[in-house]
Amino acid sequence: MEFAIGLAVILVILVIFALACVKVVAQSKAFVVERLGKYSGTWDTGLHFKLPFIERVAKVVSLKEQVVDFEPQAVITKDNVTMKIDTVVFFQITDPKLYCYGVEAPLAAIENLTATTLRNIIGEMDLDETLTSRDTINTKIRAILDEATDPWGIKVNRVELKNILPPKEIQDSMEKQMKAERERREAILRAEGEKQSRILEAEGFKESKILEAEAEKQSAILRADAVREQKIREADGEAQAILKIKQAEADGIKMIKEADPTEAVVKIKSLEAFAKAADGQATKIIIPSEIQGVAGLAAGLEGILKK
């Protein structure tokens, strides 16, 4: 009975020990395995069996991209302004073996390397250039870190300057400068708006005057056309009247001609014409010799009739 119990205990211990030697590597993980203290291999995703007492998992490495936010670093610009810069590094482990054996405390190494690189880059720039050249600084730091960490099995994907903190007096001066710049831009925009408003008003007044002048011009043209048409109508009327008079005179001459009057009748008509010419206003009338006889005859007839 005691033997059976002891055997069962041994079997349980063996099962537990065997299960402890079975390793399952999860996705995006890698196991660095050592055999008798020497690097044996890197286990990828899947099921693996570890030799008891001979092999051990030296390090479990995450293959995901990792983010490290370092403490603000004090740096000095080219124009001797001291500021603090907070950096964020995005990196990924590409070779678990190099990451495990390449450098002691990889994160501390990256932090120190970032600080020294940042000081070197900022030391070549003045304050204004530092504040406006974040992309340039990020690119330079990333390139230097990526090259330096390559022997450690680390790939630096991106570096960002999280915060740039100038001294308090510099911040106050920058705020005043920005305020003055905003006020200047506001004044320029206000002046530009007033200028555009005045231009629009002047253009509107100009167009109004042009329209008024055009309307006056059209009105004058219409009045001139009306006067011209009136004069034409009046001239046409006068011409028609003259034509009718001339036509009447021509008809009268024609009728006289057709009647074939005697010489005495013609002379009497001439005398009547002279009488009409005098019309009681003339003081002296000169009678042609050819109708004087007719005048005497008319006077004689008048005397006979009176007797």
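Before reading on, note that the structure itself is shown above.
Residues numbered from 1 in each chain as written. Predicted model: local features only at pLDDT ≥ 70, side-chain atom pairs only at ≥ 80, totals over all residues. Heavy atoms only, no water.

A.B. asks: How do you make sense of helix α5 (residues 134-149) when you look at a structure like this?
C.D. replies: Note: α-helices contain 3.6 residues per turn, so residues at a spacing of three or four share the same orientation. The terminal C-alpha atoms of α5 lie 22 Å apart, and with 16 residues this matches the ideal 22 Å at 1.5 Å per residue to within 8%. Residues of α5 that are buried include every one of I137, N138, I141, L145, D146 and T149, and no others. Along the long axis of α5, the arc covered by the buried residues comes to 150°, so they all point the same way. Opposite the packed face of α5, turned more than 90 degrees from it, sit the exposed residues D135, T139 and E147. Elements that come into contact with the buried residues of α5 comprise β8 (82-93), α3 (106-122), α4 (127-132) and β9 (154-165). (Helix = DSSP H or I, 4+ residues; strand = E, 2+ residues; numbered from the N terminus. Expected span 1.5 Å × (residues − 1). Buried < 20%, exposed > 50% of the residue type's maximum accessible area, 1.4 Å probe, protein only. Arc of directions from axis to C-beta. Contact = heavy atoms within 4.5 Å.)

A.B. asks: I would appreciate a short explanation of the sheet that holds strand β2 (residues 29-35) in the present structure.
C.D. replies: Strands belonging to one sheet form pairs held by backbone hydrogen bonds; the direction of such a pair is parallel or antiparallel. As summarised here, the arrangement of the three strands in space is β3-β2-β5, forming an open sheet in which the pairing is antiparallel. The sheet is open, and its two edges are formed by β3 (38-43) and β5 (55-62), each paired on a single side. Each strand of the sheet is rotated relative to its neighbour by a mean of 25°, with strand direction disregarded. The pairing of β2 with β5 spans seven bridges and is classified as antiparallel. (Pairing = 2+ DSSP bridges. Axes fitted to C-alpha atoms, helices over the stretch in contact; angles between N-to-C directions.)

A.B. asks: Honestly, a nonpolar patch on the surface in this entry has me stumped. Any pointers?
C.D. replies: Nonpolar side chains collect at one region of the surface, where V22, V24, L36, L47, F49, L51, F53 and I54 lie side by side and expose about 870 Å² of accessible area between them. Counting only elements with at least two residues in the nonpolar patch, the list comes to β1 (22-25) and β4 (46-49). Within the secondary structure, F49 sits in strand β4. (Patch = residues over 30% accessible without salt bridge, like charges linked within 9 Å, V, L, I, M, F, W, Y side chains within 5 Å. Areas by Shrake-Rupley, 256 points an atom, 1.4 Å probe, with all protein chains shown as cover. Salt bridge = Lys/Arg side-chain N within 4 Å of Asp/Glu carboxyl O.)

A.B. asks: Just to check I follow, could you spell out the pattern of salt bridges for this structure?
C.D. replies: Proximity of charged atoms lets side chains of opposite charge pair with each other. If you walk through the whole model with that rule in mind, you get 12 salt bridges. With a closest N to O distance of 3.9 Å, R142 and D146 form a salt bridge. Highlighted residues: R142 and D146, both in helix α5, separated by four residues, approximately one helical turn. Judged by relative accessible area, R142 falls into the partly exposed class, the value being 28%. Owing to a relative accessible area of 15%, D146 belongs among the buried residues under this scheme. Ionic pairing is found between K155 and D146, a salt bridge with its closest N-O pair at 3.0 Å. A residue is classified by how much of its surface remains accessible, and K155, at 33% relative accessible area, is partly exposed. Through salt bridges with shared partners, a single network forms among R142, D146 and K155.

A.B. asks: I'm lost on the side chain of S62 in this one. Help?
C.D. replies: With respect to the helices and strands, the residue S62 is situated in strand β5. Within polar-contact distance, the side chain of S62 engages the backbone nitrogen of K64 at 3.5 Å. (Polar contact = N/O pair within 3.5 Å; in protein donor to acceptor, adjacent residues only side chain to side chain.)

A.B. asks: Mind showing me how you'd approach unusual backbone geometry here?
C.D. replies: Apart from glycine, the bulk of residues carry a negative phi angle, and the bulk of peptide bonds sit in the trans form. The backbone of F53 sits at a positive phi, close to 65°, despite the residue not being glycine. If you trace the backbone, F53 turns up in the loop between β4 and β5. Judged by relative accessible area, F53 falls into the exposed class, the value being 75%. Positive phi is not limited to glycine here, since N80 has a value of about 65°. For N80, the position within the fold is in the loop between β7 (73-76) and β8. Assessed through its relative accessible area of 67%, N80 is described here as exposed.

A.B. asks: What should I look at first to understand the packing of aromatic side chains in this one?
C.D. replies: Geometrically, a pair of aromatic rings is defined through the distance of the ring centres and the angle of the planes. As enumerated under the stated definition, the model contains one aromatic pair in all. Measuring from centroid to centroid gives 5.9 Å for Y39 and Y101, while their planes differ by 80°, and the two rings are edge-to-face. Linking Y39 in strand β3 with Y101 in helix α2 (residues 96-101), this pair joins segments that are 62 residues apart in sequence. Residue Y101 is classed as partly exposed on the basis of its relative accessible area of 39%. The residue whose ring lies beneath R158 is F90, and the NZ or CZ to ring-centre distance is 4.2 Å. (Phe/Tyr/Trp six-rings, centres within 6.5 Å; stacked < 30°, edge-to-face > 60°. Lys NZ or Arg CZ within 6 Å of the ring centre and 35° of its normal.)

Nothing here speaks to function; it is geometry throughout.
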